[in-house]
Amino acid sequence: MLEIKDLEVSYGAVHAIHGVSIKVNDGEIVSLIGANGAGKTTILRTISGLKKADSGEITFDGADLRKTEPSKIISLKLAHVPEGRHIFPDMTVEENLEMGAYADPKDMEETMRDVYERFPRLKERHRQLAGTLSGGEQQMLAVGRALMAKPKMILMDEPSMGLSPLLVKEIFSIIKEVNKKGITVLLVEQNAKMALAISDRAYVLETGRITIEGRAQELLSDERVKKAYLGQ
């Protein structure tokens, strides 16, 4: 569904991504793990068109994303839940969800019912300003807003950041549930243990390069991964 080949990305003179190649098959959860500053967020931003690549190929469901405007990428059914959530704090929960459906407003009420079914707390707070929600609720809203676009695939950037251990478990359960509904997931996550536990495959990114890749269960027992990312 998503294929990245030989991706190169720079910020001015700083070469951030070096020849990265990643493949995500239909129906998978694939994790991208690595330390802060490794380039994980840059890769997601480049996929969704928010950052321009220097060279390489990015293909999603047959479309060349490097030739597609960011505003059109969501229309291809590729949604992005950014790091830091980026909800609209001065709009209500429901207004935030409606924003998620702007590219495909057809059947919006039905889609919203599905989101409320998955996130009962959002339904309870549908008239509440999004900025007054707790961190966990804001993360649910960010995921719900992405689901309003009826995506084939979701890019998730650090969904567990800043959440309590209990809420982290809940967010990872939601990711698994979303995937079971047929949505492919590319997950960027610092909580490597939790990410690998729910993933099919994973890539380890170090200073802009893929250093390890394979089945997620294999990476969980890989000594290099255990030492660097699992605290073992």
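Bear in mind the structure is a predicted one, so any value in this text is a computation, not a measurement.

Caption draft 1: Structural view of the environment of leucine 76. By the secondary structure assignment, leucine 76 is in the loop between α2 (70-73) and β6 (78-81). On the accessibility criterion, leucine 76 (29% relative accessible area) is partly exposed. When the C-alpha positions of leucine 76 and methionine 153 are compared, they lie 9.5 Å apart, and in sequence the two are 77 residues distant. With residues up to four places along the chain from it excluded, the contact list for leucine 76 reads Phe60, Ala63, Leu65, Thr68 and Lys152.

Caption draft 2: Just the sheet that holds strand β2 (residues 14-24), in detail. In space, the four strands of this open sheet follow the order β2-β1-β4-β5, with antiparallel pairing throughout. Sheet topology places β2 and β5 (63-64) at the edges, where each strand pairs with a single neighbour. Pairing analysis gives seven bridges linking strand β1 (residues 2-11) to β2, with the strands arranged antiparallel. Residue pairing across strands places valine 9 opposite isoleucine 17, the latter belonging to β2. In the packing of helix α1 (residues 40-47) onto the sheet, contacts are made with β1, β2 and β4 (55-60), and the angle to β1 comes to roughly 115°.

Caption draft 3: Focus on the packing of aromatic side chains. Taken as a whole, this structure holds zero aromatic pairs when the rule is applied. Lying over the aromatic face of tyrosine 11, lysine 51 brings its terminal NZ or CZ to 4.6 Å of the ring centre.

Caption draft 4: Local environment of the packing of helix α6 (residues 135-147) against helix α7 (residues 165-180). Packing of α6 against α7 leaves a shortest axis separation of 10 Å and a crossing angle of 10°. Taken together, α6 and α7 sit at an angle that is classed as roughly parallel. Where α6 abuts α7, its residues Gly136, Gln139, Met140, Val143 and Leu147 lie against Leu167, Glu170, Ile171, Ile174 and Val178. Split into classes, the residues belonging to the contact of α6 with α7 amount to seven nonpolar, two polar and one charged.

Caption draft 5: The arrangement of the pairing of β4 in detail. Inspection of the sheet shows β1 paired to β4 by five bridges, in the antiparallel sense. Each residue of the ladder has a partner; that of glutamate 8, found in β4, is serine 55. Two strands pair when backbone bridges link them, and β4 and β5 are joined in this way by two bridges, in the antiparallel orientation. When the bridges of β5 are listed, threonine 59 appears paired with aspartate 64. Hairpin connection from β4 to β5: two residues lie between these consecutive antiparallel strands, with aspartate 61 at a positive phi of about 50°.

Caption draft 6: Examining the layout of surface pockets more closely. Looking at the largest pocket, its volume works out to about 620 Å³. If you go around the largest pocket, you meet 24 residues; those closest to its centre are Ile74, His80, Pro82, Tyr102 and Arg145. Put simply, the parts of the chain that give the lining of the largest pocket at least two residues each are α1, α2, β6, α3 (93-100) and α6. Considering every element that reaches the lining of the largest pocket, the biggest residue donor is β6, with four residues. Looking at the lining of the largest pocket residue by residue, the class counts come to 14 nonpolar, six polar and four charged.

Scoring rules and cut-offs
Residues take numbers from 1 onward in each chain, read along the sequence in its written order. Side-chain atom pairs in this predicted model are given and counted only at pLDDT of 80 or more, local residue features only at pLDDT of at least 70, and totals for whole chains, interfaces and linings cover all residues. Computation of side-chain values covers all heavy atoms of the structure but excludes hydrogens and water. Segments assigned H or I by DSSP are reported as helices when at least four residues long, segments assigned E as strands when at least two residues long, and all are numbered from the N terminus. Each residue is placed in one exposure class: buried if its accessible area under a 1.4 Å probe, protein chains only, is under 20% of its type's maximum, exposed if it is over 50%, and partly exposed if it falls in between. The contact definition used throughout considers only heavy atoms, calling two residues in contact when any of these lie within 4.5 Å. Whether two strands pair comes down to DSSP finding at least two bridges between them. Helix axes are fitted to C-alpha atoms over the stretch in contact, other axes to C-alpha atoms as well, and angles between N-to-C directions run from 0 to 180 degrees. Each aromatic pair joins two rings of Phe, Tyr and Trp (for Trp, the six-membered one) with centres within 6.5 Å, and gets the label stacked for planes under 30 degrees apart, edge-to-face for over 60, and tilted for any other angle. We call a charge positioned above a ring when the Lys NZ or Arg CZ atom is no farther than 6 Å from the ring centre and deviates by at most 35 degrees from the ring normal. Each angle gets one of four labels, with under 35 degrees taken as roughly parallel, over 145 as roughly antiparallel, 65 to 115 as roughly perpendicular, and the rest as oblique. Three classes are used: nonpolar for Ala, Val, Leu, Ile, Met, Phe, Trp, Tyr, Cys and Pro, charged for Asp, Glu, Lys and Arg, and polar for all others, with Gly counted as polar. Using only the protein atoms, space was sampled on a 1 Å grid; points where a 1.4 Å probe fits but cannot get out form cavities, open sets with protein on both sides within 12 Å along at least five of seven lines form pockets, and lining residues are those with an atom within 4 Å of a point. Grid points are joined across faces, edges and corners, and a volume is the space filled by probe spheres set on the points.

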